[in-house]
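Chain by chain, the residues:
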Amino acid sequence: MADKPKRLQRNRWSIHLFPIPALAIYLLFIIYPICAAFSYSLYDWKGIKKLEFIGFQNFKNLFTLEPFNTMFWNALEHNVIYFVVQMVVQNGIAFLLAYLVFQKIKGSGFLKVAYFLPRLLSVIVVGFLWKLILNPTYGTINVLLDKLGLDSWTMPWLGDPSTALISIILVNSWFGVGLSLLIFLAGLQSIPTEVVEASRLDGVRGFRMIRTIILPLMIQPIIMVTVLTFIQSFEAFELIYAMQGSMGEPYYSTDTMAVFFYRTAFGGSSSDSVAIGLGSALAVVMFAIIAIISAAFLALTRKVNQE
Amino acid sequence: MRPSLSFRIIQHTTGYLFAILSLYPVFLMVSSSFKTTLEIFKEPLALPKKLSFAAYEKLLDQLPFGTYLWNSVFVSVISVVIILISCSLAAYYIARTSFKWNGALMFIFLLGMMIPIKLGIVPMFLLMRDLNLTNSPWSLIAIYSAMGIPLGVMILSGFFRTLPKELEEAAKIDGCTDMQILRRIILPLMRPALGTVMIINFVTAWNDFFFPLIFIQSELKKTIPVGMMSLFGEYASDWSTLFAGLTLASLPMIVMFIIASRQFMDGMTAGAVK
């Protein structure tokens with residue numbers, strides 16, 4: 001009996017080792033690179049050699065030097081469009097479908113699986129698959145339109161600057177509906193059934209039910225989906241790279257900040273003396289945008305929670 | 001009272017229409033892979049007249065698909081194991097001890113969920129070069145493990161808090177060390193949470209394209225998504241082979257999903273709904 005406290009004491013000491021592996025991996029491969037990007041943005045680079053401290057010159061170049069300044073605003077605009085369209089199309093549809101599945105219509109188990117399946121494909125597979133489907137001559141979409149007698153609607157979807165970006169966002173929405181739907185569904189399932197039953201007895205139905213009863217109780221999952229969609233649409237890279245290459249073809253009409261960043265840091269759209277510094281400056285600007293807006297969303301969540 | 005018949009018809013039509021929209025491209029991908037390219041061009045919407053495996057034969061002849069597959073399995077499995085072990089330890093510490101830096105530790109981990117990790121890619125690349133890890137599967141394992149840690153710590157520490165403390169106290173009185181308690185008593189009770197963390201990270205590592213694109217150069221070290229990428233330059237007009245490649249790249253995940261769709265979806269929601 002006498003040695004028990006000592007034994008507990010020893011256990012207490014060794015427990016401080018527990019968080020070390022996770023912390024070490026995480027600090028080294030996530031936190032350090034992000035912090036380093038901040039410092040890299042303040043240097044002049046020759047290839048991958050760090051030369052000298054130049055303060056905010058890279059940032060100045062990003063906003064004043066052609067073609068980077070034009071590319072920057074062009075890409076930022078596309079990111080905003082990306083976010084807005086995904087919110088409306090992807091998340092609007094996801095909410096509608098989540099509500100359908102929640103009401104347990106016939107086969108809702110199967111429907112859930114069907115809606116979620118695209119989410120399991122690699123983004124690169126999604127990109128190439130839809131590139132084939134959207135092919136102007138042999139792609140399914142145009143062939144289908146042709147067979148339906150709507151041949152005037154056929155388009156080189158990805159080749160025309162006016163439809164390329166929207167096509168890609170819709171493909172991304174096709175891929176992303178499943179996850180948003182699951183989050184909405186989890187939210188719907190956490191609504192107490194008595195609330196819904198009681199208002200149904202009061203004669204509340206259909207869209208009025210959604211608007212007055214369901215939506216106010218769904219604020220939390222809605223904010224979560226919004227934040228996820230926001231971060232994801234501001235990081236949009238893989239799909240565009242797979243479908244339109246690193247130049248955001250045609251004519252930069254599908255360029256986003258992440259594609260621009262990749263091109264600047266790795267793809268050599270500029271002379272190599274500015275690539276890493278400028279790329280890092282761009283990363284810092286993107287990081288600031290994402291951090292500020294995400295923080296605003298989180299503050300909003302907190303406010304909603306307190307009410 | 002049940003909703004009116006017309007309302008229910010609209011509901012079902014919408015529901016199944018979207019199911020077709022979700023599944024048809026996947027179905028098209030698989031069925032086209034059994035056609036010849038000529039057949040795809042002539043009758044893109046029809047089912048294959050007879051199953052032609054020519055595209056698969058060509059693909060497996062030309063591409064080291066087995067190597068890609070092995071690389072993907074290796075990278076995903078090791079990353080998931082590292083995440084499970086390191087996150088269990090860290091989460092146990094955060095949930096079960098109350099030192100004054102505990103809150104700060106949790107906060108540092110949570111921060112990782114808001115960080116757009118891709119933005120650190122340049123320093124990450126230089127770091128991997130300095131560590132002699134470029135062009136090695138270990139660069140991917142390092143980054144996937146690190147990426148999975150914030151969510152893993154969060155899910156597991158949330159779950160630890162729901163377990164009764166008495167079990168551990170009893171074991172402690174019986175003379176178990178903290179490590180023994182964690183291994184023998186807690187982890188077996190943690191299976192659902194561990195499963196969730198495992199699934200989410202496995203899917204992420206398996207499907208990722210961005211990091212191998214930058215870290216991996218040699219053909220034989222590529223994972224499936226980047227390995228398939230080279231196919232598209234080479235066979236730009238050979239649609240049959242392209243579709244076979246896409247199918248082959250997706251098949252392992254689709255099969256796993258069909259076998260365990262419930263766990264898959266529960267896992268994904270549990271991860272998303274913090």
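Because the structure is a prediction, the values reported are computed rather than measured.

K.L.:
Which residues make up the overall build of chain B, and what values do they have?
P.N.:
Counting its secondary structure elements, chain B contains 14 helices and zero strands. The globule rule puts the C-alpha radius of gyration for 274 residues at 19 Å, and the 23 Å found for chain B is more than 25% above it. C-alpha extents for chain B along the principal axes are approximately 75 × 70 × 35 Å. Across the 274 residues in chain B, those meeting the buried criterion constitute 55%.

K.L.:
Help me get a handle on helix H1 (residues 5–32) of chain B, residues and values and all.
P.N.:
All names here are of chain B. Over its 28 residues, H1 runs 39 Å from end to end, which matches the ideal 40 Å to within 8%, given 1.5 Å per residue. Considering bend angle alone, the principal kink of H1 is centred on leucine 23 and spans about 35°; proline proline 25 follows within four residues of it. Among all positions in H1, only Gln11, Gly15, Ala19, Ser22, Pro25, Val26, Leu28, Met29, Ser31 and Ser32 are buried.

K.L.:
Kindly report on the UniProt feature "domain: ABC transmembrane type-1" (unreviewed entry) in chain B, identifying the contributing residues and their values.
P.N.:
As recorded in UniProt, the sites labelled "domain: ABC transmembrane type-1" (unreviewed entry) are residues 69–260 of chain B. Here residues 69–260 of chain B is 79% helix and 0% strand, with 20 Å between the C-alpha atoms at its ends.

K.L.:
Talk me through the pattern of salt bridges; I want residue IDs and the actual numbers.
P.N.:
All chains considered together, the criterion is met by eight salt bridges over all chains. One salt bridge connects arginine 200 of chain A with glutamate 197 of chain A, and the closest N-O pair in it is separated by 3.8 Å. With a gap of three residues between them, arginine 200 of chain A and glutamate 197 of chain A both fall in helix H9 (residues 193–201), about one helical turn apart. The shortest N-O distance in the salt bridge between glutamate 219 of chain B and lysine 222 of chain B comes to 3.1 Å. Exposure remark for glutamate 219 of chain B: the relative accessible area of 33% places this residue in the partly exposed category.

K.L.:
Quick rundown of the interface of chain B and chain A? Include the residues and the values.
P.N.:
Think of interface size as the accessible area that goes away when the parts come together; that is how it is often given. The partner chain A presents 87 residues to the 93 residues of chain B that form the contact. Across the chain B to chain A interface the summed buried area is about 8,400 Å²; carbon plus sulfur atoms make up 81%. Our count for the chain B to chain A interface comes out at one salt bridge. Note that lysine 118 of chain B is salt-bridged to glutamate 238 of chain A, the shortest N-O span being 3.2 Å. One can count twelve residue pairs in polar contact (both at pLDDT 80 or more) joining chain B with chain A. Class assignment of the residues belonging to the side of chain B that touches chain A gives a composition of 70 nonpolar, 16 polar and seven charged.

K.L.:
So what's going on with unusual backbone geometry? Which residues, and what values?
P.N.:
All names here are of chain A. Cis geometry is adopted by the peptide bond preceding proline 67, which originates at glutamate 66 and carries an omega value of 0°. Tracing the backbone shows proline 67 in the loop between helix H3 (57–64) and helix H4 (68–102). The step from glutamate 249 to proline 250 runs through a cis peptide bond, and the omega angle for that step is -10°. Assignment of secondary structure puts proline 250 in the loop between helix H12 (238–244) and helix H13 (257–267). Positive phi, close to 55°, is recorded for lysine 104, a residue that is not glycine.

K.L.:
For the UniProt feature "transmembrane region" (unreviewed entry) in chain B, give the residues involved together with the corresponding values.
P.N.:
Mapped onto this numbering, the UniProt entry gives "transmembrane region" (unreviewed entry) at residues 16–34, 68–92, 104–126, 138–160 and 236–259 of chain B. A helix fraction of 100% and a strand fraction of 0% characterise residues 138–160 of chain B, whose end C-alpha atoms lie 30 Å from each other.

K.L.:
Can you break down the nonpolar core residue by residue, with the values?
P.N.:
Ranked by internal contacts, the top residues of the largest apolar core, which has 197 residues, are Phe211 and Phe215 of chain B. The element contributing the most residues to this core is H4 of chain A, with 15 residues. Here phenylalanine 211 of chain B is in contact with Ile117, Ile121, Met124, Leu140, Ile143, Tyr144, Met147 and Ile216 of chain B, once residues within four sequence places are set aside.

K.L.:
Account for the packing of aromatic side chains, with residues named and values stated.
P.N.:
Applying the stated criterion to the full structure yields 40 aromatic pairs over all chains. Chaining the aromatic ring pairs together yields one cluster made of Phe237, Tyr241, Tyr262 and Phe266 of chain A together with Phe125, Tyr144, Phe209, Phe210, Phe211 and Phe215 of chain B. A cation over an aromatic ring shows up here: lysine 118 of chain B above the ring of phenylalanine 210 of chain B, its NZ or CZ 5.5 Å from the ring centre.

Cut-offs applied
- Residues numbered from 1 in each chain as written.
- Chains lettered and ligands numbered in written order.
- Predicted model: local features only at pLDDT ≥ 70, side-chain atom pairs only at ≥ 80, totals over all residues.
- Heavy atoms only, no water.
- Helix = DSSP H or I, 4+ residues; strand = E, 2+ residues; numbered from the N terminus.
- Rg over C-alpha atoms; globule rule 2.2 N^0.38 Å.
- Buried < 20%, exposed > 50% of the residue type's maximum accessible area, 1.4 Å probe, protein only.
- Expected span 1.5 Å × (residues − 1).
- Bend = angle between axes of the 7 residues up to and from the residue.
- UniProt positions renumbered as here; feature names shortened; annotations may be inferred.
- Salt bridge = Lys/Arg side-chain N within 4 Å of Asp/Glu carboxyl O.
- Contact = heavy atoms within 4.5 Å.
- Buried area = accessible area lost by both parts, 1.4 Å probe.
- Polar contact = N/O pair within 3.5 Å; in protein donor to acceptor, adjacent residues only side chain to side chain.
- Nonpolar A, V, L, I, M, F, W, Y, C, P; charged D, E, K, R; others polar.
- Core = buried A, V, L, I, M, F, W, Y, C linked by side-chain atoms within 4.5 Å.
- Phe/Tyr/Trp six-rings, centres within 6.5 Å; stacked < 30°, edge-to-face > 60°.
- Lys NZ or Arg CZ within 6 Å of the ring centre and 35° of its normal.

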